[in-house]
Structures are given as C-alpha cells and as structure tokens.
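Descriptive analysis of the structure
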Amino acid sequence: MFKVSRLLICCISWRRRLIFLGLIIASSLLLIGKIHREPKIYHCYMDAEQKPNSNEKQWILGDILFTKEKPKPGRTIFFVESKCNCSDSEYSILNLPAHSACAIESAALHHPTYDVFVLVACPTIRQQTDPILDAMLSYKNVKLRYVNLWRFAKGSPIEYWLTKEDLFRTKYLMVHISDLMRLLALYRYGGIYLDEDLIVFRALEHDNPNFMGAEIKISIGNSVLGLAPDGFGHMLAELFLNDFQRNYLGNVWAHNGPRLMERIMSRLCGTSDVAAMQKNSNLCHGVKVFNVSSFYEINWVERSHFFDEKYANETMKRLEASFGMHTWNHMKTKWPLSVNARSAYIQLAKKHCPKVVAASGKYFT
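The sections below set out a description of the structure shown in this document. (Residues numbered from 1 in each chain as written. Predicted model: local features only at pLDDT ≥ 70, side-chain atom pairs only at ≥ 80, totals over all residues. Heavy atoms only, no water.)

**Structural notes on the sheet that holds strand E8 (residues 211–216)**
The mixed open sheet is built from seven strands, whose spatial order is E5-E3-E1-E6-E9-E8-E10. Unpaired on one side and paired on the other, strand E5 (142–146) and strand E10 (288–290) mark the two borders of the sheet. Each strand of the sheet is rotated relative to its neighbour by a mean of 30°, with strand direction disregarded. Pairing of E8 with strand E9 (residues 219–227) involves five bridges; the strand directions are antiparallel. Paired with Gly213 across the two strands is Gly221, which belongs to E9. Taken strand by strand, helix H8 (residues 231–246) contacts E8 and E9, and its axis lies near 135° from that of E9. (Pairing = 2+ DSSP bridges. Helix = DSSP H or I, 4+ residues; strand = E, 2+ residues; numbered from the N terminus. Axes fitted to C-alpha atoms, helices over the stretch in contact; angles between N-to-C directions. Contact = heavy atoms within 4.5 Å.)

**Quick notes on the pattern of salt bridges**
In total, this model carries 16 salt bridges according to the counting rule given. Between Asp134 and Arg126 there is a salt bridge, with its nearest N and O atoms 2.8 Å apart. Residue classification places Asp134 among the partly exposed residues on the basis of a relative accessible area of 37%. In this structure, Glu262 engages Arg259 in a salt bridge whose closest nitrogen and oxygen atoms are separated by 2.9 Å. Within this pair, Glu262 and its partner Arg259 are both found in helix H9 (residues 258–269), separated by three residues, close to a single helical turn. By relative accessible area, Glu262 is classed as buried at 18%. Overlapping salt bridges bring together Glu297, Glu302, Glu314 and Arg318 as one network. (Salt bridge = Lys/Arg side-chain N within 4 Å of Asp/Glu carboxyl O. Buried < 20%, exposed > 50% of the residue type's maximum accessible area, 1.4 Å probe, protein only.)

**Here we look at the packing of aromatic side chains**
A complete count under the given rule lists 20 aromatic pairs for this structure. With 5.5 Å between their ring centres and 80° between their planes, Tyr172 and Trp253 make a pair best called edge-to-face. Of this pair, Tyr172 sits in the loop between helix H6 (159–162) and helix H7 (173–189) while Trp253 sits in the loop between H8 and H9, placing them 81 residues apart in sequence. Cluster of aromatic residues (ring-pair linked, three or more members): Phe306, Phe307, Trp335, Tyr345 and Phe364. Between Arg202 and the ring centre of Phe323, over which it is positioned, the NZ or CZ distance is 4.0 Å. When the ring centre of Phe290 is taken as reference, the NZ or CZ atom of Lys288 above it lies at 5.3 Å. (Phe/Tyr/Trp six-rings, centres within 6.5 Å; stacked < 30°, edge-to-face > 60°. Lys NZ or Arg CZ within 6 Å of the ring centre and 35° of its normal.)

**With respect to the state of the cysteines**
Applying the stated criterion across every chain, the model contains three disulfides. Cys102 shares a disulfide with Cys353; S-S distance 2.0 Å. Note on the Cys102 and Cys353 pair: the S-S dihedral is about -80°, so by sign convention the disulfide is left-handed. One end of the pair, Cys102, is in helix H3 (residues 98–110); the other, Cys353, is in the loop between helix H13 (344–352) and helix H14 (354–359), and 251 residues separate them in sequence. For the pair Cys102 and Cys353, one class covers both residues: buried. (Disulfide = S-S within 2.5 Å.)

**Notes on unusual backbone geometry**
We note that His285 has phi near 55°; this positive angle belongs to a residue other than glycine. Relative to the elements of secondary structure, His285 occurs in the loop between helix H10 (274–279) and E10. Note on His285: relative accessible area 52%, which makes it exposed. The backbone of Trp328 shows a phi angle near 55°, a positive value even though the residue is not glycine. Along the polypeptide, Trp328 turns up in the loop between strand E11 (324–326) and strand E12 (337–338).

As structure tokens, this is what we get:
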C-alpha cells in the first residue's frame, strides 16, 4: 500500500512537471513568435519594391528628399499622416477625411506666403478622383510628400537609434511615428507643425519663431509647435530628438509627445510651472508658450461643445480670441455631420475651409 501511494505521488509529481514544462515551452514559442512578428510592421513604412503600372505612377506621392520642390526653411507648415495600410499592396491609398483636409486648407488659406507640406509616412498613391483632396490641393502652396523615416532621420541625433526598431514595438505606433516625424521635419527645415485636428483661424506669424501652446494650465501640448530653422530653434529641435530616443516609452500614449515638451521646457526654463512660462518668455530663453485659450480653449472634456448646436453661441464667443481650435480627433466623433448644421464646428469650417466643405456635398466626414 505504501509503495502504491509513493508511486501515485511520483506519477502526479511528474505529471505536474510535464504540464509546467509544457506551459513554459508554449509561452516561449508565443514570445518567440511575437518577437519574430514585431519587426515585420516596419516594412509597411519602407520604400515599395513592386513596380507600379503606368496608370499608377503619376499618382504616387514623391519622396520629400528627391522631389524638386523642397520645404522653405522657416516658411513651411507641416502636417503628418502616419497611418499605414499594411495590406497585400505595398502602397497605401491616401484617404483624407474632410475634417483633416479642413485643417490643412485652413493653414493654407491663412498663410498664403508659406508652403504647406503634408508628410505621409508610408509609400502612398492618391486616388485619381477625390473631390475633397482636389479641393485641398487647389491651393498652390499645398504639397503631398512621402517620407522614408530612415532617410529622413539621416544626419539627425536619432539616426542610429531608429535602426534598432524600438520605435515599432508599441501599441501606439501611429501616434509615436507622428510624434517623431514632426520633430524631424522641424529639425531639418524649421517652420511650424500643426495637428490634422487643428483648424486655424488666423495667421500664426509673429516676431518669435519658437513657440508652443499650453494645453491646460499645468501642461503643454505638441499639436502646435514652431521652431526657427537655425540658431536656438535648431538647438531646441535637437534637444527634443535626443530626449525622444533617450526616454522613449512605446506603450505610453503621451510620453513621447506632450510629456516630452514638458520635460525639455522644465529644464530650459528652470521651472515646471507652465503659468510662469506663459507670463515670461525670457524665462525660457525667448521661447513663447501661448496661453490655453490660443489653441485649446475648448478642452477634451468639453469636446461635444464643438458639435452640439445648443452650445454653438457660447463656443463661438469663447473662440473669438483664439488662433485656432484643436478638436481632439482621437476621441469619438459621430461623423458625418450635416453641412447645414448650426454647430460651432460647421460654422467655423465653412469660414476657414470653405472649399473642402463645398466639396463634401451634404455631409462633412
């Protein structure tokens, strides 16, 4: 009886060991599979190897580094489109919704002496028939360009870090690529970066080319960023890029964007007090920090005020002194909107992106 009991215990023990070993092997295989899969995503952002047919060639976006027209240093506004449709085709199809095209048109409309470059992060073909895109491109200063991240980063502080592929190990890939591309564009050319969910009301030209905006009283956003192409502006772009690679966290939404701005500005200004930065630009070596009402008067909690007609008059009044409105497009919106709606958003879109609204037909997407 004792021997039988020992035998049973031994069998149970070995069974547990085998189960445990099996779990370890299964976990290891899953991890290896994940590691093996992860780097594949970066191929979506690399140059397409397939040869397009003759009908497609004229619609392929040219590489910003190889096309004849280059951004004017310090006189260019940049937007970034970081979505990549990783499918069987090696080219993504550009499909800008009306609200993104509206932001781009508003920048072109209010800055006729600036170039407006829309930078697309993957090899892309634009659709041959797209009324909204055609309306946006009717502005002669609007250009669409492809950006190869690795070539674009050459000569910058982040060139070698980018080859390690750390950037691509994240669940917020499009966000972090956008965070990086805006910094690289301003490092290379200077000028102004704007998010695709920021509609401009008036020109951002002023005496200070180095600026950003307070998002709330205690934090800085990275939806608006201006840097001179040389001197202190270029040095600041270098600081941003150094911080991006040194402190990169792939799975934290704002760490490489707004939080990066705050880390550098706190060091630069000798204080983390955003209100003090706004009051005295000399504290920050001349960098202008615009107050909350300049771009973020309507915060993300109040976002429905843009679209709900009952808040229209109040919202229009609150935005009178603003340079533009950031509309928090990463949050859910019930697109499409009727172009006959009386919401503040539609009223302001009709004024600041009239061609895109006209091209939208009855509904604005």
